[in-house]
Amino acid sequence: MNKLLLGCIADDFTGATDLANNLVRAGMRVVQTIGVPEGPLGADADAVVVALKSRTIPNYEAVMQSMAALDWLQSQGAQQIYFKYCSTFDSTPQGNIGPVTEALMEALEADFTIATPAFPDNQRTVFKGHLFVGDVLLSESGMRSHPLTPMTDANLVRVLQAQCQGKVGLIDYKTVAAGAGAITQRIAQLRAEGVAIAIVDALDNQDLLRLGPALKNLPLITAGSGVAIGLAANFGIQPSAGAAELPPPQGLQAIVSGSCSTATQRQVAAFIEGGGNALAIDPLRIAAGDNVASQALFWARPLLAEGPVLVYATADTQAVKAVQDQLGVERAGALVEKALAAIAAGLVEIGVRQLVVAGGETSGACVQALGVTQMQIGPQIDPGVPWCHARTASGEPIHLALKSGNFGGDDFFVKALRMLG
Ligand code: ADP
């Protein structure tokens, strides 16, 4: 088994997959683990992404979980550590980006690191330390009113400084445009000034590719998924189709959808309009005690041989609100997640081996129900969503595509399943 090159710690599940996807596209063979593994990896990989759920938990818990991930990655021989957060720098007033970064720096005896959520492929750019989401500042984007991590300041130097003990500085776009040599010089200058963490401007992928070589000797990198595109070359790795190779697909095909995002609503509609077999499940019937999962499986069983089936709770804002008014937001979410997870597990029991799941929380619930603890990352379906290969708790091989709400084109379901054939 080869030595691990890059060890990554991601603060949420679909964010981990997004990072893994970018590393694979750069040529690295990547495994994503669900939480910190209890034993050795048992697979060949250049990079491992440990997926935590630490974005919005109390900051001391986020630090503890991240340190446990670091310990495990170091025990696997990781040569460099990458702390991955959201490309909209999602954080609570207490952190957790700053506290986790500083704890990792201390453990790694690193006196300097960078921080940049730039991900130009997804219209996240950083200019003079300010984060833009598409054409607007972060603080004027929808993130302004996020229920858990409202981002009301686009000045990342200020945002991160408020979460950190050490000094936060900036490597601006002019330095980045001048190339790796200029960035390295600027890092030396910032270090001499006592700056511990520098926000880095990046306007396009070329900036990230210029940044990559300047990060070669840092023990710790902190970033969104964008910086990943420039790192593989530091380890002598070039993009190659082999990095995304997965075992051949087997079995039947199905889709389970619990995301109510507008993108997923369009994907469900497109699948139905295309003549696909689809069944809607009703949260109110779950709440009333109907065994919706076994009814869905009874419906699906004879249809699976004809082609992929879709079971969905996806509904428009009005319908979701009506359900939430009756059941409460949390209870509605939990009931639907539990039912869809039971359906996913039941589908696998009756022979599904190629499963698409739509929704971040829904994906987490389904992966847990299947007993999946790690996934090999394969080829990209649409930006941010790759096919993955895993084994269930009972050892069945399965291909999984886990799609966070807003990702994917309208034809995502059919496109994903056609890709496997
Ligand atoms: P996304 O990635 O789009 O945010 P998630 O799966 O993370 O999707 O979140 C969607 C949430 O909405 C889940 O908790 C899911 O159980 C819940 N949900 C899905 N369908 C419905 C519905 N019809 N009514 C109420 N809640 C729903």
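Structure: see above.
Residues numbered from 1 in each chain as written. Predicted model: local features only at pLDDT ≥ 70, side-chain atom pairs only at ≥ 80, totals over all residues. Heavy atoms only, no water.

S.K.: How should the site of the ligand be read in this particular structure?
M.R.: Close to the ligand lie 18 residues, the nearest being S259, E337, E361, T362 and G405. Between the ligand and E337, the relevant distance is 2.5 Å, taken from an oxygen atom to a side-chain nitrogen or oxygen of the residue. Here an oxygen atom of the ligand sits 2.9 Å away from a polar atom, N or O, in the main chain of G360. Alone, the ligand offers 580 Å² of accessible surface; in the complex the protein occludes 81% of this. Those elements that provide at least two residues to the shell around the ligand are α11 (317–327), α12 (329–349) and α13 (360–370). Classifying every residue of the shell around the ligand gives seven nonpolar, nine polar and two charged. (Near = heavy atom within 4 Å. Polar contact = N/O pair within 3.5 Å; in protein donor to acceptor, adjacent residues only side chain to side chain. Areas by Shrake-Rupley, 256 points an atom, 1.4 Å probe, with all protein chains shown as cover. Helix = DSSP H or I, 4+ residues; strand = E, 2+ residues; numbered from the N terminus. Nonpolar A, V, L, I, M, F, W, Y, C, P; charged D, E, K, R; others polar.)

S.K.: Whenever I open this one, helix α8 (residues 262–273) confuses me. Can you help?
M.R.: Owing to its 3.6 residues per turn, the α-helix brings residues three or four apart onto one side. The end-to-end C-alpha distance of α8 is 16 Å, a good match for the 16 Å that 12 residues give at a rise of 1.5 Å each. Among the residues making up α8, those that are buried are A263, T264, Q267, V268 and F271. Down the axis of α8, the sector holding all buried residues measures 135°, keeping them to one side. Looking at α8, the residues exposed on the side facing more than 90 degrees away from the buried face are T262 and E273. The inward-facing, buried residues of α8 contact β12 (252–257), β13 (277–280), β14 (309–312), β15 (352–358), β18 (397–403) and α14 (412–420). Two residues or fewer after α8 comes G275, characterised by a positive phi angle close to 95°. (Expected span 1.5 Å × (residues − 1). Buried < 20%, exposed > 50% of the residue type's maximum accessible area, 1.4 Å probe, protein only. Arc of directions from axis to C-beta. Contact = heavy atoms within 4.5 Å.)

S.K.: Quick question: what am I supposed to make of the nonpolar core here?
M.R.: Burial of nonpolar side chains together is a common tendency in soluble globular proteins. With 121 residues, the main nonpolar core has L23, Y82, L355 and L400 as its most contacted residues. If you tally residues by element for this core, the top one is α12, at seven residues. Both domains that furnish three or more residues to this core are identified here as domain 1 (6–240) and domain 2 (246–420). Every residue in contact with L23, bar those within four places of it in the chain, is listed here: L6, C8, M28, V30, A47, V49 and A228. In this structure, A358, I381, F407 and A416 belong to the second largest nonpolar core, which totals 18 residues. (Core = buried A, V, L, I, M, F, W, Y, C linked by side-chain atoms within 4.5 Å. Domains from an automatic or database assignment.)

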